[in-house]
Structures are given as C-alpha cells and as structure tokens.
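# Structure at a glance
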Amino acid sequence: MSAIRLLILGAVRQHGRAHGYQVRNDLEFWGAHEWSNAKPGSIYHALKQMAKQGLLVAHDVAPSTVGGPPRVEYEINDKGTEEYFTLLREALRSHEQKTDVLSAGIGFIVDLPRAEVVALLEERVAGLRRWRSSVTEYYTPAEGLEQLGHIGEIMNMWVHSADAGAAWTRGLIERIEGGAYTFAGEGEPFVGVLADDEPNPYATHPDPEGGIHGNRDDATPPRSG
C-alpha cells in the first residue's frame with residue numbers, strides 16, 4: 001500500500017478542489033516529505049495517474065500568470081472517496097503497514113467515526129500480538145540473546161518493535177475513548193490544511209508565480225527516486 005496515494009486523496013478531499021502545488025504545500029506542512037515518499041515529482045505524477053484511473057476529476061482553470069497552459073485543479077469523486085476510505089481503514093487496522101502508511105492514516109483519523117477508529121486500532125493491536133507470538137515460537141526473550149548468537153539481536157529488535165507498537169496503539173485508543181479529538185459526526189473537526197493566503201513555514205520551494213499556492217502542475221517536474 002502506498003502512503004502517497006492516501007495522502008493525496010485525503011488532501012484533495014479536505015480542500016474540495018486543489019491544484020498540485022496546493023497539495024504539495026499541505027504535505028510539506030505536515031512534514032510528509034520527511035517521513036514518506038511525498039516528493040514533488042511523486043505528488044504530481046500521482047495526481048495525474050489518479051485522474052486517469054477515475055479517482056480524481058481534473059479541471060482546467062485560469063491560465064498561468066507566467067505563461068503556458070492553464071493550471072489543473074483536482075476534485076475527488078465518488079470512486080476516489082470510496083478508495084480513500086478503503087485505504088484509510090486499511091492503514092489503521094493492519095499491523096503490517098509501514099510507518100509512513102500508518103502516519104498517513106493517523107493524519108486523517110478524524111474522518112471516521114470514533115467507535116470505528118477504536119475498533120480498527122484494536123484490530124491492529126491484535127495483529128501485533130499474533131505476530132509477536134509467531135516470532136517467539138523461534139525466539140524466547142527470557143532465555144537471553146545468546147541462544148541465537150548475534151542473530152538473536154534481529155529477533156530481539158522485532159519483538160521490541162511489536163511491543164512498542166502495541167503500547168503506542170493502546171495509548172492512542174485510551175485517548176480516543178477518553179474523548180480526545182473531534183471525529184466524524186461529532187462537529188467541526190480540526191482543520192489540518194492551509195488556507196490559500198496562509199504562509200507555510202515548512203515549504204521547501206517558493207511558488208514561482210509569487211503566491212503561496214500557484215505552481216503550474218501542468219508542467220512535468222522531475223520524478224523523484
């Protein structure tokens with residue numbers, strides 16, 4: 001599962017309609033360029049691909065002020081919304097997801113009802129417990145690392161990772177059950193995207209048209225990675 005797919009669908013959905021630089025600016029504001037593959041080339045490529053796949057609708061808007069073809073704004077449709085929620089639920093429930101996918105899921109966690117989020121996270125804890133049990137069939141921490149030589153350090157790392165992941169998830173469940181955050185159906189959620197005129201202190205690249213949001217995503221930026 002790709003984190004960038006979930007990130008872009010979620011960002012476009014929060015705006016209603018957004019162009020490439022706007023999506024990029026949001027992801028940089030969230031720090032996603034540091035903990036995921038949300039680099040400029042990947043973002044623009046994913047937007048175009050998801051439009052071709054029928055998950056986003058591409059709209060030509062006002063011509064670029066620096067010349068060239070019109071900008072493109074993207075809008076999520078019913079198919080894209082269905083895909084978004086499928087990816088979001090899987091990001092939260094599966095203990096096998098990479099950290100960037102889980103991070104993306106946590107970033108959009110309030111788009112789901114509170115009770116459903118708790119249930120999904122409990123699935124994640126159960127999966128971590130099952131996985132830990134399978135590891136300890138071959139490695140028993142209480143018997144010490146020496147039982148497998150230095151290879152025991154690998155098993156020890158994974159057992160500790162499972163324990164830490166389960167502990168963190170249980171803590172999140174407790175906070176959510178205790179009333180933290182505003183979830184779907186409970187009122188106005190926390191706004192996690194930048195307004196059009198709001199500066200981004202974490203932006204890595206200025207808008208070539210002189211504003212905060214306005215890069216021509218009709219141009220083909222270099223692919224990352």
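Report on the accompanying structure. (Residues numbered from 1 in each chain as written. Predicted model: local features only at pLDDT ≥ 70, side-chain atom pairs only at ≥ 80, totals over all residues. Heavy atoms only, no water.)

## Focus on the environment of A164
Note the threshold: In this text, helices come from DSSP runs of H or I with a minimum length of four residues, and strands from runs of E with a minimum of two, each type numbered from the N-terminal end. For every residue, the accessible area obtained with a 1.4 Å probe (protein chains only) is divided by the maximum for its type, and the residue is called buried under 20%, exposed over 50%, and partly exposed between those limits.
Within the fold, A164 resides in helix α8 (residues 152-177). On the basis of relative accessibility, which here comes to 47%, the residue A164 falls in the partly exposed class. In this structure the C-alpha to C-alpha distance between A164 and L128, which are 36 residues apart in sequence, comes to 9.8 Å.

## A word on unusual backbone geometry
Outside of glycine, negative phi angles account for most residues, and trans bonds account for most peptide bonds. With a phi angle near 70°, Y181 is a residue other than glycine that sits in the positive phi range. Locating Y181 in the fold gives a position in the segment after α8. Under the relative-accessibility criterion, Y181 is labelled partly exposed at 48%.

## Here's the deal with a nonpolar patch on the surface
What counts, and what does not: Patches here are clusters of residues that have more than 30% relative accessible area and form no salt bridge, with a 9 Å joining cutoff for like charges and a 5 Å cutoff for nonpolar side chains (Val, Leu, Ile, Met, Phe, Trp, Tyr). All accessible areas in this document rest on Shrake-Rupley with a 1.4 Å probe, and a residue is counted as covered only by the protein chains that are shown. The salt bridge definition used is simple: a Lys or Arg side-chain nitrogen within 4 Å of an Asp or Glu carboxyl oxygen.
A surface patch of nonpolar side chains, about 380 Å² in accessible area, is lined by I151, I154, M157 and W158. With respect to the helices and strands, W158 occurs in helix α8. Judged by relative accessible area, W158 falls into the partly exposed class, the value being 42%.

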